[in-house]
Each structure stands twice: as C-alpha cells, then as structure tokens.
Amino acid sequence: KQEVTQIPAALSVPEGENLVLNCSFTDSAIYNLQWFRQDPGKGLTSLLLIQSSQREQTSGRLNASLDKSSGRSTLYIAASQPGDSATYLCAVRPQGSGGSNYKLTFGKGTLLTVNP
Amino acid sequence: EPEVTQTPSHQVTQMGQEVILRCVPISNHLYFYWYRQILGQKVEFLVSFYNNEISEKSEIFDDQFSVERPDGSNFTLKIRSTKLEDSAMYFCASRPQGGLHNEQFFGPGTRLTVL
C-alpha cells in the first residue's frame, strides 16, 4: 500500500529565506506527483505536477524535483514571502490506477509559516 | 477561470441524519471524485465516478455513502445516516478526459460537522 510522508510537519522561516519541503513515498510505481497548497479552511490549489519521466518542474519561485527510484520529491521555494504561508501537500498517482480511476494518495502536509 | 464549486461551505447535522453534499464540476470534465480530510489528518480518497457509474471506491466508502450525477452539472455525495466520525472536510474534484497526467481540480470543500 502506497504511503506518502512529508517532513517536516511544520516549518517557520523569516521572509526572504529559500526553503525546501520534502516528500517521500514507499512505492516508486507512480504516474506522477503533484504538489498542492492548502490555506486554512480552504480547498486544494495545484502548484506543480511532475510526470514520472521528469526530474523537475518550475513555476515562478517554485521548483519541484522528483527522484522516482528513491521515492523522493522536494519542493523548493525561493525568496519566501508571508503570502507563501500555508500547508503544502504532496500527492502521488499510483500506477495501476489507470483509466478513469486516477485516485491520489496524499501526504499529511507541511505547515509553512513565513514571518515578516 | 473555470473552477469546481461546492455547497454548502459548512453543514451541521445531528447524528443519524442524512446529508447531501453538492458539487458542480468544471463543465467539460468527465471524471469526478470525492475526498475527505478529517481534522489534522491526511486527505483520503473516497470514490471516483465516470460515465454515470462508480469506477473505484475506498474501504471508507461503505453502504452509508452514495454518489449521483442527477443532471448534467451536479455531482452529489449522500451520507444516509451520519456518524460522529463522518465529521470532516469533504472535497470534490474533477478532471478532463484523457491523458495520464491531467490534473485534478479541487473545490473549496464542505465542512461537515456531526453532533
């Protein structure tokens, strides 16, 4: 059974700092991995999707990497801002969930606080 | 930009009552999902729905749960007899047809509180 773990559970940094969030998964048989942002009491906003054949994806100040064989992904946030404060979730789409299924398996998230 | 919408944003009910959570997926999407997140826990898959039938469900999705697409726009999750442990945030998601790497788009969620 696929398990997704995120470390650290919480992170507090001063504004302007670069930071890395970690995600690991137990079964490397995945189609892709997504990083989401969740604001308190809100829904999930997709940030980046990395296909299993890719090594990294970039969007603005965000860079996500994927090492499928070792079951790891990182989300790098450059020059952090107070508006980046949120919970960041990673989720994998396991292989075998093909066709219409496409269920995602989530980690518990990292609560990021960026202090002004 | 098109988005998934959910109503109500917060539902409070008594244990044993039936609730219906409503979702309007993005209009050209064909695959629909329900997830839930118990406070402080992971987001968990409940059920996926395509072509007017359930394509996969988790062990959480027992006989108390059902889903329906009653018309061309709504997608509903019904809980027949709510339990205290059903209290959670329920998220609807949808995705377009085809493609291994199409993203799921999530709604803002409905917070269900069972008293």
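Everything here concerns the structure above.
Residues numbered from 1 in each chain as written. Chains lettered and ligands numbered in written order. Predicted model: local features only at pLDDT ≥ 70, side-chain atom pairs only at ≥ 80, totals over all residues. Heavy atoms only, no water.

**Student:** Just to check I follow, could you spell out the interface of chain A and chain B for this structure?
**Tutor:** A common way to report how large an interface is uses the accessible area buried once the components associate. On the chain B side, the residues contacting the 26 residues of chain A number 26 residues. Both sides together, the interface formed by chain A and chain B hides about 2100 Å², and carbon and sulfur atoms give 52% of it. The tally of links between chain A and chain B comes to two salt bridges. Listing elements by their share of the side of chain A that touches chain B, those giving two or more residues are strand 4 (30-38), strand 5 (44-51) and strand 9 (86-94) of chain A. Among the residues forming the side of chain A that touches chain B, the class breakdown is nine nonpolar, 12 polar and five charged. (Contact = heavy atoms within 4.5 Å. Buried area = accessible area lost by both parts, 1.4 Å probe. Salt bridge = Lys/Arg side-chain N within 4 Å of Asp/Glu carboxyl O. Helix = DSSP H or I, 4+ residues; strand = E, 2+ residues; numbered from the N terminus. Nonpolar A, V, L, I, M, F, W, Y, C, P; charged D, E, K, R; others polar.)

**Student:** Help me understand the pairing of strand 3 (residues 19-24) of chain B, please; the structure alone is not making it clear to me.
**Tutor:** Consecutive side chains along a regular strand alternate between the two faces of the sheet. Residues and elements named next belong to chain B. Of the two faces of strand 3, the one lined by Val19, Leu21 and Cys23 is fully buried and the one lined by Ile20, Arg22 and Val24 carries no buried residue. Relative to strand 3, strand 1 (residues 5-7) is paired through three bridges, and the arrangement is antiparallel. Bridge pairing in strand 3 places Thr7 opposite Arg22. (Buried < 20%, exposed > 50% of the residue type's maximum accessible area, 1.4 Å probe, protein only. Pairing = 2+ DSSP bridges.)

**Student:** Just to check I follow, could you spell out the environment of Leu19 of chain A for this structure?
**Tutor:** Residue and element names in this part refer to chain A. Examined against the element boundaries, Leu19 turns out to sit in strand 3 (residues 19-25). Overall, Leu19 belongs to the buried group, its relative accessible area being 4%. Considering only alpha carbons, one finds Leu19 and Arg61, 42 residues apart in sequence, at a separation of 11 Å.

**Student:** Just to check I follow, could you spell out the state of the cysteines for this structure?
**Tutor:** In a disulfide, the sulfur atoms of two cysteines are covalently bonded to one another. Within the structure shown, the criterion is met by two disulfides over all chains. What pairs with Cys23 of chain A in a disulfide is Cys90 of chain A, and their sulfur atoms sit 1.9 Å apart. Torsion about the S-S bond of the Cys23 of chain A and Cys90 of chain A cystine: about 70°, corresponding to right-handed handedness. You can see Cys23 of chain A sitting in strand 3 and its partner Cys90 of chain A sitting in strand 9, a full 67 residues away along the chain. Taking the relative accessible area as the measure of exposure, Cys23 of chain A reaches 2% and is therefore buried. A residue is classified by how much of its surface remains accessible, and Cys90 of chain A, at 0% relative accessible area, is buried. The disulfide bridge from Cys23 of chain B ends at Cys92 of chain B, spanning 2.0 Å between sulfur atoms. A torsion of -65° about the S-S bond marks the disulfide between Cys23 of chain B and Cys92 of chain B as left-handed. Note that Cys23 of chain B is positioned in strand 3 and Cys92 of chain B in strand 9 (residues 88-95), a separation of 69 residues in sequence. By relative accessible area, Cys23 of chain B is classed as buried at 1%. (Disulfide = S-S within 2.5 Å.)

**Student:** Looking at this model, I keep getting lost on the sheet that holds strand 7 (residues 65-68) of chain B. Mind explaining?
**Tutor:** Two orientations exist for strands paired in a sheet by backbone hydrogen bonds: parallel and antiparallel. All names here are of chain B. If you trace the four strands from one edge of the open sheet to the other, you get 1-3-8-7, paired in antiparallel fashion. In this open sheet, the two strands that pair with only one neighbour each are strand 1 and strand 7. In this sheet, neighbouring strand axes are inclined to one another by 20° on average, regardless of whether the strands run parallel or antiparallel. Two strands pair when backbone bridges link them, and strand 7 and strand 8 (residues 75-79) are joined in this way by four bridges, in the antiparallel orientation. Within strand 8, the residue paired with Phe65 across the bridge is Ile79. (Axes fitted to C-alpha atoms, helices over the stretch in contact; angles between N-to-C directions.)

**Student:** Help me understand the pattern of salt bridges in this model?
**Tutor:** Any two side chains of opposite charge can pair, on the condition that their charged atoms come close. Across all of its chains, the model carries five salt bridges over all chains by this definition. As a salt-bridge pair, Lys42 of chain B and Glu3 of chain A come within 3.7 Å of each other at their nearest N and O atoms. Highlighted residues: Lys42 of chain B in the loop between strand 4 (31-37) and strand 5 (43-50) and Glu3 of chain A in the segment before strand 1 (4-7), drawn from two different chains. The exposure class of Glu3 of chain A is partly exposed, given its relative accessible area of 34%.

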